[in-house]
Amino acid sequence: MKRCTRCILPENYPGITFNEEGVCNYCVSHKKREYLGDEALKEKIRTSLQDRSDRNDNYDCVLALSGGRDSSYLLYYLVKVLNLRVLAYFIDNGFIPEATQMNIKNMVDILGVDLVIEKSEHLEKCLRHHLLSFIHKPSAPMVGLLCTGCRLGMSTMLPDFARRNRVPVTISGSNPLDSRSFKTMIMALNPRAGEAKGSFVLGYLTQIIQNPRWILNYGCLATQIQEYYHHYFQGRGKKKDLIGIAPFYSYTRWEEKTLVSTIKNELHWRETPGAQSTWRGDCDIALLKLYLYKKTLGYNDRDEGLSYLIRDGQISREEALERLEEEGKISEEVIKEILERVGIDFSSLKTALES
């Protein structure tokens, strides 16, 4: 497989082109990010709170804590670096590895942070149907729908929780590593359109025409529609009373070595067995998706993430290729265990992928 000579994106990555030196357009257009710094973030939070007379005086912000490496580092950063009073909020989607649950418990205990855990059943109700739909006719663009329900929980439950507790500032671990995701582009009819609503919807409808089984469960179809609606319309319109901040985009640099070293040494954070990496191991379905993208496309999030690290000057291309060999694959034993939980035989998935 041909790859960019500067990063490691493959030739079938959506929207990719190469110049005469074999460098991809994503490397050519990459620009160094500038960050406002810790004090600017503290001031942003302070000014967001100062005019809210009805706010909860016990907390400065709500952190959406997933137990993954990004939000785990932010928990440490907000408490120890910025000296903020954090209310941690965790949504249990039913597929959280034991290692992630232990990480969360250890971290909030070490930092003395209040934690609230709420259950979301959307993913559990839809996963089996969506997996069977995928097995019926495997398609790379539809792998993303296996998360249907989880995203709905995050987009509705977090803002509702913040409002109920009268904490108007929410913090998320979103970062530049995920800013240009192939998962959205492979669904769109025009990959360069990114998250353009029209192109994305037409791509989705094309997939449905090719495999109508995806919409034959009314409850799951309703969840799909709700997620799309909240993401593009209601979710963005009704949050004006809340201030959502993603520090890694504008305030503090996302630096892998510092991040991983901090959470392991200071918070006793540990990887999920079978994940092969510190990334995307906080949810079993994330591992399942990594496996399916690798099988259907020949690449997954690892190729994309390591390419960002190269462009950001954090690792060399040679190091990325070595890491990809280790981190790019997910053990079939891990996938078998996940499928067994929803009553699906791994052999049926394997046969579908091979055919």
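Heads up: the structure comes first, above all this text.
The rules behind the values
Just so you know, the residues in each chain are numbered from 1, in the order the chain's sequence is written. The predicted origin of the model limits local features to residues at a pLDDT of at least 70 and limits the giving and counting of side-chain atom pairs to 80 or more, whereas totals for whole chains, interfaces and linings rest on all residues. Here the side-chain values reflect all heavy atoms present in the structure, with hydrogen atoms and water set aside. Where helices and strands are cited, they refer to DSSP runs of H or I of at least four residues and of E of at least two residues respectively, numbered from the N terminus. Whether two residues are in contact is decided by their heavy atoms: any pair within 4.5 Å suffices. Here the open area of atoms and residues is found with the Shrake-Rupley method and a 1.4 Å probe, where only the protein chains shown may cover a residue. Counting rule applied: Lys, Arg positive; Asp, Glu negative; His and chain ends not counted. Think of each charge as sitting on NZ of Lys, CZ of Arg, CG of Asp or CD of Glu. Residue exposure (1.4 Å probe, protein chains only): buried if accessible area is under 20% of the type maximum, exposed if over 50%, otherwise partly exposed. Two strands qualify as a pair provided that DSSP identifies no fewer than 2 bridges between them. Note on definitions: angles span 0 to 180 degrees between N-to-C directions of axes, and those axes are lines fitted to C-alpha atoms, for helices only across the stretch in contact. When describing relative orientation, an angle under 35 degrees is termed roughly parallel and one over 145 degrees roughly antiparallel, while 65 to 115 degrees is termed roughly perpendicular and anything else oblique. In this scheme the handedness of a crossing depends on how the near helix is turned from the far one: anticlockwise by less than a right angle means left-handed, clockwise means right-handed. Under the scheme applied here, ten amino acids are nonpolar (Ala, Val, Leu, Ile, Met, Phe, Trp, Tyr, Cys and Pro), four are charged (Asp, Glu, Lys and Arg), and all others, including Gly, are polar. Salt bridge, as used here: a side-chain nitrogen of Lys or Arg that lies within 4 Å of a carboxyl oxygen of Asp or Glu. Polar contact is defined as a pair of N or O atoms within 3.5 Å, subject to the rule that within protein one atom must be able to donate a hydrogen and the other to accept it, and that residues adjacent in sequence are counted only when both atoms are side-chain atoms. Stacked, tilted and edge-to-face are the three classes applied to pairs of Phe, Tyr and Trp rings, where Trp contributes its six-membered ring and a pair requires centres within 6.5 Å; stacked means planes under 30 degrees apart, edge-to-face means over 60, and tilted covers the rest. Every crossover in which the path from the first strand over the helix to the second runs clockwise, viewed with the strands pointing away from the viewer, is termed right-handed.

Chemist: Whenever I open this one, the overall build of the protein chain confuses me. Can you help?
Modeler: Tallying secondary structure elements over the protein chain gives 16 helices and five strands in all. Each principal axis of the C-alpha distribution contributes one length, and for the protein chain these read about 60 × 50 × 40 Å. Across the protein chain, contacts joining residues at least 24 apart in sequence account for 75% of those joining residues at least 6 apart. Accessible surface computed for the protein chain: about 16600 Å², of which carbon and sulfur atoms make up 49%. Computed over 48 positive and 46 negative side-chain charges, the inter-centroid distance for the protein chain is 5 Å.

Chemist: Is there a simple way to explain the environment of tyrosine 251 in this structure?
Modeler: Structurally, tyrosine 251 is set in the loop between helix 10 (247-250) and helix 11 (256-267). For tyrosine 251, a relative accessible area of 13% gives the class buried. Beyond its immediate chain neighbours, meaning those up to four positions away, tyrosine 251 contacts Tyr35, Leu36, Gly37, Asp38, Ala40, Leu41, Lys44 and Ile245.

Chemist: Is there a simple way to think about the sheet that holds strand 2 (residues 86-92) in this case?
Modeler: Backbone-to-backbone hydrogen bonds pair the strands of a sheet. The strands run either parallel or antiparallel. Spatially, five strands are ordered 3-2-1-4-5 in an open sheet, and the strand pairing comes out parallel. Where the open sheet ends on each side, the last strands, each with one partner, are strand 3 (114-119) and strand 5 (243-245). Neighbouring strand axes in the sheet, compared pairwise and without regard to direction, differ in orientation by 25° on average. In this sheet, strand 3 lies alongside strand 2 in parallel orientation, the contact comprising six bridges. Note that in strand 3 the partner of leucine 87 across the bridge is aspartate 114.

Chemist: When you look at the packing of helix 13 (residues 301-311) against helix 14 (residues 317-327) in this model, what are you seeing that I'm missing?
Modeler: Geometry of a packed helix pair, given as the angle between the helix axes and the separation of the axes. Contact geometry of helix 13 with helix 14 gives a least axis separation of 10 Å together with a crossing angle of 160°. Taken together, the axes of helix 13 and helix 14 are roughly antiparallel relative to one another. Pair helix 13 / helix 14 crosses with right-handed handedness. Here Arg302, Asp303, Leu306, Leu309 and Ile310 of helix 13 come into contact with helix 14, specifically with Arg317, Ala320, Arg323, Leu324 and Glu327. Split by residue class, the contact of helix 13 with helix 14 holds five nonpolar, no polar and five charged.

Chemist: Explain the pattern of salt bridges to me, please; I cannot follow it from the model alone.
Modeler: Side chains carrying opposite charge are able to pair once their charged atoms draw close together. With the rule as written, the count across this model stands at 22 salt bridges. Taking the shortest distance from any N to any O, the salt bridge between aspartate 303 and arginine 3 comes out at 3.0 Å. Placement of the pair is aspartate 303 in helix 13 and arginine 3 in the segment before helix 1 (25-28), with a sequence separation of 300 residues. Judged on exposure class, the residue aspartate 303 and its partner arginine 3 are both buried. For the salt bridge of lysine 336 with glutamate 333, the shortest nitrogen-to-oxygen distance reads 3.3 Å. On the criterion of helical spacing, the pair formed by lysine 336 and glutamate 333 is a turn pair, its members being three residues apart in helix 15 (residues 332-341).

Chemist: Can you help me understand unusual backbone geometry in this one?
Modeler: It is generally the case that most residues other than glycine have a negative phi and that most peptide bonds are trans. One non-glycine residue, asparagine 83, lies in positive phi territory at about 55°. By secondary structure assignment, the location of asparagine 83 is in the loop between helix 3 (69-81) and strand 2. Despite not being glycine, arginine 280 shows a phi value in the positive range, around 65°. Of note, arginine 280 is situated in the loop between helix 11 and helix 12 (284-297). Note on arginine 280: relative accessible area 21%, which makes it partly exposed.

Chemist: Which parts of the structure should I look at to understand the side chain of arginine 302?
Modeler: Mapped onto the elements of the fold, arginine 302 is located in helix 13. For the buried arginine 302, which has no salt bridge, the nearest side chain bearing the opposite charge is glutamate 327, at an N-O separation of 4.6 Å. For arginine 302, the side chain forms a polar contact with the main-chain oxygen of alanine 275, separated by 3.0 Å. In this view, arginine 302 contacts Ala275, Ser277, Trp279, Arg280, Leu290, Leu324, Glu327, Gly328 and Ile330; residues no more than four positions away in its chain are not counted.

Chemist: Looking at this structure, I do not really get the side chain of asparagine 175. What am I missing?
Modeler: Within the fold, asparagine 175 resides in the loop between strand 4 (169-171) and helix 7 (182-185). The class of asparagine 175 is buried, set by a relative accessible area of 0%. In this structure the side chain of asparagine 175 is engaged in a polar contact, spanning 3.3 Å, whose partner is the backbone oxygen of glycine 173. Dropping the residues within four chain positions of it, asparagine 175 is found in contact with Asp70, Phe248, Tyr249 and Trp254.

Chemist: What am I meant to see in the packing of aromatic side chains here?
Modeler: In this description, a pair of aromatic rings is defined by centroid distance and the angle of the planes. Inspection of every chain in the model, using the stated rule, returns ten aromatic pairs. A centroid spacing of 6.2 Å and a plane angle of 20° characterise the contact between tyrosine 73 and tyrosine 77, whose relative ring orientation is stacked. With tyrosine 73 and tyrosine 77 both in helix 3, this residue pair falls four residues apart, about one helical turn. By relative accessible area, which is 12% here, tyrosine 73 ends up buried. By relative accessible area, which is 2% here, tyrosine 77 ends up buried.

Chemist: How do you make sense of the pairing of strand 1 (residues 61-64) when you look at a structure like this?
Modeler: The two faces of a sheet get side chains in turn, since along a regular strand they alternate between them. Relative to strand 2, strand 1 runs parallel, the two sharing four bridges. If you follow cysteine 61 over to strand 2, its bridge partner there is valine 86. A crossover links strand 1 with its parallel partner strand 2, the connecting element being helix 3, and its sense is right-handed.

The values reported here are purely geometric and, on their own, carry no functional implication.
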